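Listed below are the residues making up each chain.
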Amino acid sequence: MDYNNNVGIDLHIHSTASDGTLTPFEILNIAQKLNLGAISITDHDTIDGSKEALRIGMPSPLRFLTGVEISVSSPQPLLYSESIHILGYSINLDDPILNHTLEVLQEARKNRNPQILERLNNLGIDITFNDILKEAGDGQVGRPHIAQSMVNKGFVKSIDEAFINYLGKGKPAYVDKFRVDCSKAIKIILDSGGFPVLAHPILIKTKNDNILEDLVVTLKTMGLKGIEVYYPQHSPDNIAYYTKLAKRYGLLMTGGTDFHGSLKPDIKIGLGNGDFFVPYELYEKLVKRWKK
Ligand code: AMP
Ligand code: ZN
Ligand code: FE
Ligand code: FE
C-alpha cells in the first residue's frame, strides 16, 4: 500500500464487548473517518469484539488485527506488583483452547463482581448489580462499569475518584481478579497462531527501572514476541527506553491508545490525548515478520 508517513494505527482499543463504550461498528467507522491504516480490538478476556468486527467487515482500506488483552499473574510477585497485561494479536478466533481459557476468565469475573459490590455496599455505597449491568450491557463487566455507576449515583465525582478511593488496588472495595499464569497466556496466544505482546510497560509497578528489563527477559523466554512501545502515558524517554529494550531482545514494537470511549474520556481512538501517533510502518513490520 502506498501509505506516506502520515498514516497512523491504533492497536489497543476496547469495545462494548468489555469495558469500552463504543461498539465494534462504531470503532470501525471512526477509524475509517480518521484514515487510520490499521487497528486492533483488544478487549479484556474476550474476543467477541474482534469477532464482531470481522463479521461486519473492514471498510477499505483499513487493516485489522484480531486481538485480546489478558491480565496475567506476575512471574515473581514481589518484584512486579501490578498490571502485567499481555496483548494477543492475530489470534485464531476459533481456537478452542483460547476460547476455553477466556471462558474461565469470564466466569471468574462473574464471581468477582458480587464481591466488589458487597464491599461497596458495606461501605454505604448503595449500588446494585442491575446498575452495573446498565453500564456493561452484554459485555464483560469491569471495574470501570462499577466506577461509572458510582458516578451516576453521585457517590463519587469521577471514575478516577472511584478508583483512587474504592476500586484501585489496595483500596477498600478492591477484589483481586483471577489471573492466568503469564507463561500460560503467552503459550495460548502462540498456539492460536498469534503473537503475544507486553502491554503498557509504564503501568507495571516495579521496585525499580532495571527490574522491567528482567521481566522482559523472563517473558521472552516464555515466548513473548513484542512490546507496546507507544502508549499515551509513555514519555519520549520511556519510548526511547522501550525501543532500546525491543531492539536488544529482538521484540516487535506495537502501539495503541487503550481507548475505552467515555470511560476514559481523555483518550481518543488513534489520537490518544491529541498528539499521540503510531506510524503505519510499524504495522507493516509486524505483518511482515509474523508471516515468516
Ligand atoms: P478490571 O479488568 O475489572 O480489573 O478493570 C480494569 C480496567 O480498569 C482497565 O481497563 C483500566 O482502564 C481501568 N483502571 C484500572 N485502574 C484504574 C485507575 N486507577 N483509574 C481509572 N481506570 C483504571
Ligand atoms: Zn479496560
Ligand atoms: Fe491493560
Ligand atoms: Fe487495555
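Data block above holds the structure.
Description of the structure in this document. One numbering rule holds for all chains: residues counted from 1, following each sequence as written. Following the order in which they are written, the chains are lettered starting with A and the ligands numbered starting with 1. Only residues with pLDDT of at least 70 get local features here, since the model is predicted, and only at 80 or more are side-chain atom pairs given and counted; chain-wide, interface and lining totals rely on the full set of residues. In computing side-chain properties, one takes all heavy atoms of the structure into account and sets aside hydrogens as well as water.

### Section: the overall build of the chain
Logical step 1: Counting from the N terminus, the helices are the DSSP runs of H or I reaching at least four residues and the strands are the DSSP runs of E reaching at least two. For the chain, the count of helices and strands is ten helices and eight strands.
Logical step 2: For this measure, only C-alpha atoms enter the radius of gyration; the expected value for a globule follows 2.2 Å times N^0.38, where N is the number of residues. Rg of the C-alpha trace for the chain: 18 Å, near the compact-globule value of 19 Å for 292 residues, within the 12% margin.
Logical step 3: Dimensions along the principal axes, computed over C-alpha positions, put the chain at roughly 55 × 40 × 40 Å.
Logical step 4: In the chain, which comprises 292 residues, the proportion classed as buried is 53%.
Logical step 5: Long-range pairs, those at least 24 residues apart, make up 75% of the contacts in the chain between residues at least 6 apart in sequence.
Logical step 6: Here the Shrake-Rupley method, with its probe set to 1.4 Å, supplies the accessible areas, and only the displayed protein chains count as covering residues. Counting every atom, the chain has about 13400 Å² of accessible surface; 51% of that belongs to carbon and sulfur.
Logical step 7: His residues and chain termini do not enter the charge count, which takes Lys and Arg as positive and Asp and Glu as negative. Just so you know, the charge point we use is NZ for Lys, CZ for Arg, CG for Asp and CD for Glu. Positive and negative side-chain charges of the chain, numbering 32 and 34 respectively, have mean locations separated by a distance of 4 Å. For every residue, the accessible area (1.4 Å probe, protein chains only) is compared with the maximum for its type, and the residue is labelled buried under 20%, exposed over 50%, or partly exposed between those bounds. Residues are treated as being in contact if the distance between any of their heavy atoms lies within 4.5 Å.

### Considering the coordination of the iron ion (ligand 4)
Logical step 1: Donor atoms are limited to N, O and S found within 2.8 Å of the metal ion, a distance that becomes 3.2 Å for Na, K and Ca. With water left out, some sites might look partial. The iron ion (ligand 4) binds to the protein through His12 (NE2), His14 (NE2), Glu69 (OE) and Asp258 (OD), with metal-donor distances spanning 2.1 to 2.2 Å.
Logical step 2: Mapping the donors of the iron ion (ligand 4) onto the primary sequence yields the spacing H-x1-H-x54-E-x188-D.
Logical step 3: Here the iron ion (ligand 4) and the zinc ion (ligand 2) are spaced 4.8 Å apart. Of the two residues, His12 and His14, neither departs from the other in class, the shared state being buried.

### Brief notes about the nonpolar core
Logical step 1: Core analysis: the biggest nonpolar cluster contains 49 residues, and Ile9, Ile70, Val72, Ile86, Leu198 and Leu219 have the highest contact counts within it.
Logical step 2: Not counting chain neighbours up to four residues away, the residues in contact with Ile86 comprise Val68, Glu69, Ile70, Val72, Ile186, Ile189, Pro196, Val197, Leu198, Leu219 and Leu224.
Logical step 3: Leu120, Ile127, Ala147 and Leu263 belong to the second-largest nonpolar core, a separate cluster that totals 19 residues. By convention a nonpolar core is built from buried Ala, Val, Leu, Ile, Met, Phe, Trp, Tyr and Cys residues, the set being connected through side-chain atoms within 4.5 Å.

### Looking at the coordination of the zinc ion (ligand 2)
The reference angle at a metal is 109.5 degrees if four donors form a tetrahedron and 90 or 180 degrees if six donors form an octahedron.
Logical step 1: Taken together, the protein ligands of the zinc ion (ligand 2) are Asp19 (OD), Asp19 (OD), His44 (NE2) and His260 (NE2), with distances of 2.0 to 2.6 Å.
Logical step 2: In terms of primary sequence, the donors binding the zinc ion (ligand 2) are separated according to D-x24-H-x215-H.

### Some details on the side chain of Asn99
Logical step 1: Relative to the elements of secondary structure, Asn99 occurs in helix α3 (residues 96–122).
Logical step 2: On the basis of relative accessible area, Asn99 is assigned to the buried category, the value being 17%.
Logical step 3: Those residues in contact with Asn99 that sit more than four places away from it in its chain are Ile47, Lys51, Leu93 and Asp94.

### Things to note about the layout of surface pockets
Logical step 1: Counted as a void, the second largest pocket has a volume near 200 Å³.
Logical step 2: Residues are called lining when one of their atoms sits within 4 Å of a cavity or pocket point, these points coming from a 1 Å grid over the protein atoms alone, where a cavity is a set in which a 1.4 Å probe fits but cannot get out and a pocket is an open set with protein on both sides within 12 Å along at least five of seven lines. If you trace the second largest pocket, you find ten residues lining it, with Leu251, Leu252, Met253, Lys285 and Arg289 closest to the centre.
Logical step 3: Put simply, the parts of the chain that give the lining of the second largest pocket at least two residues each are α9 (236–248), β8 (252–255) and α10 (280–291).
Logical step 4: Considering every element that reaches the lining of the second largest pocket, the biggest residue donor is α10, with four residues. Grid points are joined across faces, edges and corners, and a volume is the space filled by probe spheres set on the points.

### With respect to the site of ligand 1
Logical step 1: The nearness test applies per residue and asks whether one of its heavy atoms lies within 4 Å of the molecule or strand. Contacts to ligand 1 come from Asp19, His44, Arg109, Arg112, Gly142, Arg143, Pro144, Asp160, Phe163, Lys177, His260 and Lys264.
Logical step 2: In this structure, Asp19 approaches ligand 1 through a side-chain N or O atom, which is 3.4 Å from an oxygen atom.
Logical step 3: Throughout this description, a polar contact denotes any pair of N or O atoms lying within 3.5 Å of each other; where both atoms belong to protein, one of them has to be capable of donating a hydrogen while the other can accept it, and for residues adjacent in sequence the pair is counted only when both atoms sit in side chains. A distance of 2.9 Å separates an oxygen atom of ligand 1 from a polar side-chain atom of Lys177.
Logical step 4: Taking 500 Å² as the accessible area of ligand 1 by itself, protein coverage stands at 76%.
Logical step 5: Breaking the shell around ligand 1 down by element, the ones donating at least two residues are α3, α5 (143–152) and α6 (159–167).
Logical step 6: In this classification, the charged set is Asp, Glu, Lys and Arg, the nonpolar set is Ala, Val, Leu, Ile, Met, Phe, Trp, Tyr, Cys and Pro, and all remaining amino acids, among them Gly, are polar. Looking at the shell around ligand 1 residue by residue, the class counts come to two nonpolar, three polar and seven charged.

### A short note on the packing of aromatic side chains
Logical step 1: Two rings belonging to Phe, Tyr or Trp (six-membered ring only in the last case) form a pair when the distance between their centres is within 6.5 Å. Interplanar angles under 30 degrees mark stacking, angles over 60 mark edge-to-face geometry, and anything in between is tilted. Tallied over the entire structure, the rule returns four aromatic pairs.
Logical step 2: Ring centres 4.9 Å apart and planes at 50 degrees place the aromatic pair Phe195 and Trp290 in the tilted group. Placement of the pair is Phe195 in strand β6 (residues 195–198) and Trp290 in helix α10, with a sequence separation of 95 residues.
Logical step 3: Taking the relative accessible area as the measure of exposure, Trp290 reaches 26% and is therefore partly exposed.
Logical step 4: On the numbers, 5.4 Å between centres and 40 degrees between planes, the contact of Tyr280 with Tyr283 is tilted. You can see Tyr280 and its partner Tyr283 sitting in helix α10, three residues apart, about one turn around the helix.

### Topic: the side chain of Glu228
Logical step 1: Its location among the elements puts Glu228 in strand β7 (residues 226–230).
Logical step 2: Side chain to side chain, Glu228 and His12 meet in a polar contact 2.8 Å long.
Logical step 3: In terms of polar contacts, Glu228 uses its side chain to reach the backbone amide nitrogen of His200, at 2.7 Å.

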